[in-house]
Structures are given as C-alpha cells and as structure tokens.
Amino acid sequence: MSIKEDLIKELSDSVVDMEEEKTVKAANKWVKSGLKAYDAIDKGLSDGMNRAGVLYEQEEYYIPELLMCSDAMYAGLDVLKPHLNKSEEGDKHKVVIGVVEGDTHDIGKNLVKIMMETEGFEVIDLGRDVPPIDFVNKTKEVGADIIALSTLMTTTMDGMDQVIKLLKKEGIRDRVKVMIGGGPISQSFADKIGADIYTTDASKAAKTARKMFAKGGVMSER
Ligand code: B12
C-alpha cells in the first residue's frame, strides 16, 4: 500500500473505532505529506462514517457509538478544512442548503456543504429540521442559484416535494436548480418530484453542480 492508501485507511478506521485523537493524528500526517485535503475527507473520513452507519444497521453500534464516530470525524475535519484548495473559478454562485423539516441527521449535509465550498460556491446553511418555506424565503433573499436539500428518513422525503411546489407557487422555479440527496433518495424520486440534480455522495454533488454552472446553468449530464 502507498502512504496515501495507508493514511486513507487510518482515517477511515479511526472514525469507525471512535478514536478522536488517532483521527487528528492521521489528519495531521496527511497534511504534512502534502496530499490533497479533499481526498482525505472524501475517501477517509466520509468512508469511516459510512462504515459506522452500516455497523449501526447491523446492530453492532448504537447511538452513543455513532455520536463518538461523528466526533472523531469532525475532529479530523477541523484539521483538514483549512487546507482545502478552494476553487476560484468564475462568479461565486450561491447555494442554500439544509436538512428538511422533521429530520435532524446533518452529517451528510455538512459534508456536502464543505465540498460545495471547496468547488467555489458560497453556501448559506439553514441547518437541520428546516420548514419548506424557509428554503424558499432564503433563496429569494440572497438570490441563490441552487437549493440543496438533504434527508435521511423516508418519513421526511415529502418535504423536498413541498419545497419544489412552493418555488413554483412563488414563480421562481426556473431561476433556481434543486439538488437533492440522502439515504432514501433515488434518481426515480428526483424525477418524480422534478428535482434537477441527484447524486449519491457529497463529492459527486459538488462536482456535478460545478460542471452544470460551467456550462451556463444547463444540465447536460446526470
Ligand atoms: C448517524 C445516524 C444518526 C445520528 C445522527 C447524528 C447527526 N447529527 O446527523 C443520531 C444517532 C442522532 C440519529 C438519530 C435518529 N435516527 Co439515525 N441514523 C444514523 C445513521 C446510522 C448514519 C447516517 C450518517 O450520518 N451517515 C454518514 C453520512 C456521511 O452519510 P449520509 O448522511 O448518507 O450522506 C451522504 C449521502 O447520502 C449524500 N447526501 C446527503 N445529503 C445530501 C444532500 C444533497 C443535496 C446531495 C446531492 C447528497 C447528499 O452525501 C453524503 C456524504 O457523501 C443512519 C443509517 C445509515 N446507514 O444511513 C441512521 C438512520 C438514518 N436513522 C434512522 C432513524 C429512524 C433515526 C431516529 C428517528 C431514531 C430514533 N428512534 O430516535 C433519530 C432521528 C430523529 C430525527 N427526527 O431526526 C433511520 C431512518 C429510517 C428511515 N428510513 O426513515 C436510519 C436509516 C437507520 C435505520 N435503518 O433505521 N441517527
């Protein structure tokens, strides 16, 4: 294994093992090696959190373990974030991001936010448990180009549809791209509610949005 692969494994393992100090150490080693901070987040920390999620589903981990994993992930993020090479391409397009009403899972949303910022977007974060109208009001207030909606629960997916319906009601649906994601979301759900972009992970989300705006806001690929 190369140094890079070793460190990716170390980052991912230390998140799964709830080892905050080890995560910080691995993140510092990464920075010292001069590797791209983006990959450490995308392939290391994010992978560790996904693995922790699988262990929860297998009933090997419970809520306290999950929270310790996320503490380790955030500690690693604190080290890596200042070293992200932010894209300076073009105008700063604005993104309003949040987790839809009824849902407080925000780890994935926070990763999407970081990746979008790295791709050069200005991100306005509404947090979690956000009522549909708040997305629409904030979009109007700041003149956002994208609304990014996250949810991890089947029971709250409908909030995404509500946001799109409200945008239509306000007559601004054509001015803003709607991007959706999270565990229960699929391309067929995105098509059903008329969302513009769906991707499975944070890094793909940011890259797809960047490509879209590089092409003048016209979506050419999914
Ligand atoms: C961590 C976790 C928690 C943590 C959340 C901590 C936090 N601050 O976020 C805690 C312990 C608090 C928690 C609580 C609950 N949880 Co929970 N939780 C999870 C778990 C294990 C992992 C989620 C996670 O963080 N994954 C890691 C991140 C990195 O992945 P991610 O969120 O999927 O995000 C990635 C992609 O989806 C994508 N993405 C995400 N958002 C967006 C947005 C856009 C625009 C795009 C393009 C992409 C994108 O990019 C991200 C990064 O690559 C999942 C199971 C699972 N495997 O997903 C259950 C899960 C989501 N939880 C569940 C439940 C039921 C709950 C509770 C209701 C439990 C309870 N009885 O109290 C409460 C929620 C209360 C509420 N109303 O919100 C269920 C949901 C079931 C369902 N289908 O509706 C799940 C699926 C577990 C299960 N199988 O039962 N949970």
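Residues numbered from 1 in each chain as written. Predicted model: local features only at pLDDT ≥ 70, side-chain atom pairs only at ≥ 80, totals over all residues. Heavy atoms only, no water.

Visitor: Can you walk me through the side chain of D103 in this structure?
Guide: For D103, the location among the structural elements is in the loop between β1 (94–99) and α5 (107–118). As a buried residue without a salt bridge, D103 has its nearest oppositely charged side chain in R128, at a separation of 8.0 Å. Reaching out from D103, the side chain makes a polar contact with the side chain of T151 at a distance of 2.7 Å. Polar contacts involving the side chain of D103 include one to the main-chain amide nitrogen of L152, which spans 2.7 Å. Residues in contact with D103, not counting those within four places in the same chain, are R128, D129, T151, L152, M153 and T156. (Helix = DSSP H or I, 4+ residues; strand = E, 2+ residues; numbered from the N terminus. Buried < 20%, exposed > 50% of the residue type's maximum accessible area, 1.4 Å probe, protein only. Lys, Arg positive; Asp, Glu negative; His and termini not counted. Salt bridge = Lys/Arg side-chain N within 4 Å of Asp/Glu carboxyl O. Polar contact = N/O pair within 3.5 Å; in protein donor to acceptor, adjacent residues only side chain to side chain. Contact = heavy atoms within 4.5 Å.)

Visitor: Honestly, the site of the ligand in this entry has me stumped. Any pointers?
Guide: The local shell around the ligand holds 34 residues, among which E57, T104, H105, D106 and S150 are the closest. Within the side chain of N50, one N or O atom sits 3.5 Å away from an oxygen atom of the ligand. Of all the elements in the fold, those that place two or more residues in the shell around the ligand are α3 (37–57), α4 (63–80), α5, β3 (146–150), β4 (177–181) and α9 (202–214). The element that contributes the greatest number of residues to the shell around the ligand is α3, accounting for 6 residues. Of the residues that constitute the shell around the ligand, the class distribution is 15 nonpolar, 14 polar and 5 charged. When residues of the shell around the ligand are assigned to domains, at least three map to each of domain 1 (3–88) and domain 2 (90–217). (Near = heavy atom within 4 Å. Nonpolar A, V, L, I, M, F, W, Y, C, P; charged D, E, K, R; others polar. Domains from an automatic or database assignment.)

Visitor: Sorry if this is basic, but what is going on with α4 here?
Guide: Residue pairs three or four apart in sequence face the same way in an α-helix, which turns once every 3.6 residues. Taking 1.5 Å of rise per residue, the 18 residues of α4 would be expected to cover 26 Å, and the 26 Å separating its terminal C-alpha atoms lies within 8% of that figure. The complete set of buried residues in α4 reads L66, C69, S70, A72, M73, A75, G76, L77, V79 and L80. Those residues of α4 that are buried lie in contact with α1 (3–16), α2 (20–32), α3 and α5. (Expected span 1.5 Å × (residues − 1).)

Visitor: Looking at this model, I keep getting lost on the coordination of the cobalt atom of the ligand. Mind explaining?
Guide: Between any two of four tetrahedral donors, the ideal angle at the metal is 109.5 degrees; between two of six octahedral donors, it is 90 or 180 degrees. From the protein, the cobalt atom of the ligand takes a single donor atom, H105 (NE2), 2.2 Å away. Looking at the element boundaries, H105 is found in the loop between β1 and α5. (Donors = N, O, S within 2.8 Å, 3.2 Å for Na, K, Ca; no water.)

Visitor: Help me understand the confidence of the model for the chain in this model?
Guide: In low-pLDDT segments, the atomic positions of the prediction should not be examined closely. When pLDDT is averaged across the chain, the result is 92; 95% of the residues are at 70 or more. Residue range residues 217–222 is modelled with pLDDT below 50. Its contacts to residues more than four positions away, or to other chains, number 14 contacts. (pLDDT = per-residue confidence, 0-100.)

Visitor: Mind showing me how you'd approach the domain arrangement of the chain here?
Guide: How big an interface is tends to be stated in terms of accessible area lost as the parts join. Here the chain is described as being made up of domain 1 (3–88) and domain 2 (90–217). Each side of the interface is counted separately: domain 1 has 15 residues, and domain 2 has 13 residues. Summed over both sides, the interface of domain 1 with domain 2 buries roughly 1300 Å², with 64% coming from carbon and sulfur. Among the residues of domain 1 in contact with domain 2, Y38, Y74 and S87 are the three that bury the most area, contributing 40% of the side total. Run the count over domain 1 and domain 2 and you get 0 salt bridges. Across the domain 1-domain 2 interface, the total number found is 3 residue pairs in polar contact (both at pLDDT 80 or more). (Buried area = accessible area lost by both parts, 1.4 Å probe.)

Visitor: Help me understand the nonpolar core, please; the structure alone is not making it clear to me.
Guide: Taken as a class, soluble globular proteins show a tendency for nonpolar side chains to be buried jointly. Core analysis: the biggest nonpolar cluster contains 43 residues, and I41, L45, L80, M116, F121, I146 and M179 have the highest contact counts within it. The set of elements that each furnish at least two residues to this core consists of α1, α2, α3, α4, β1, α5, β3 and α9. Among the elements that line this core, the one with the most residues is α3, at 8 residues. Looking at which domains feed residues into this core, each of domain 1 (3–88) and domain 2 (90–217) supplies at least three. Setting aside residues no more than four positions away along its own chain, M179 makes contact with M116, I146, I147, A148, L149, I197, A205, A206 and A209. (Core = buried A, V, L, I, M, F, W, Y, C linked by side-chain atoms within 4.5 Å.)

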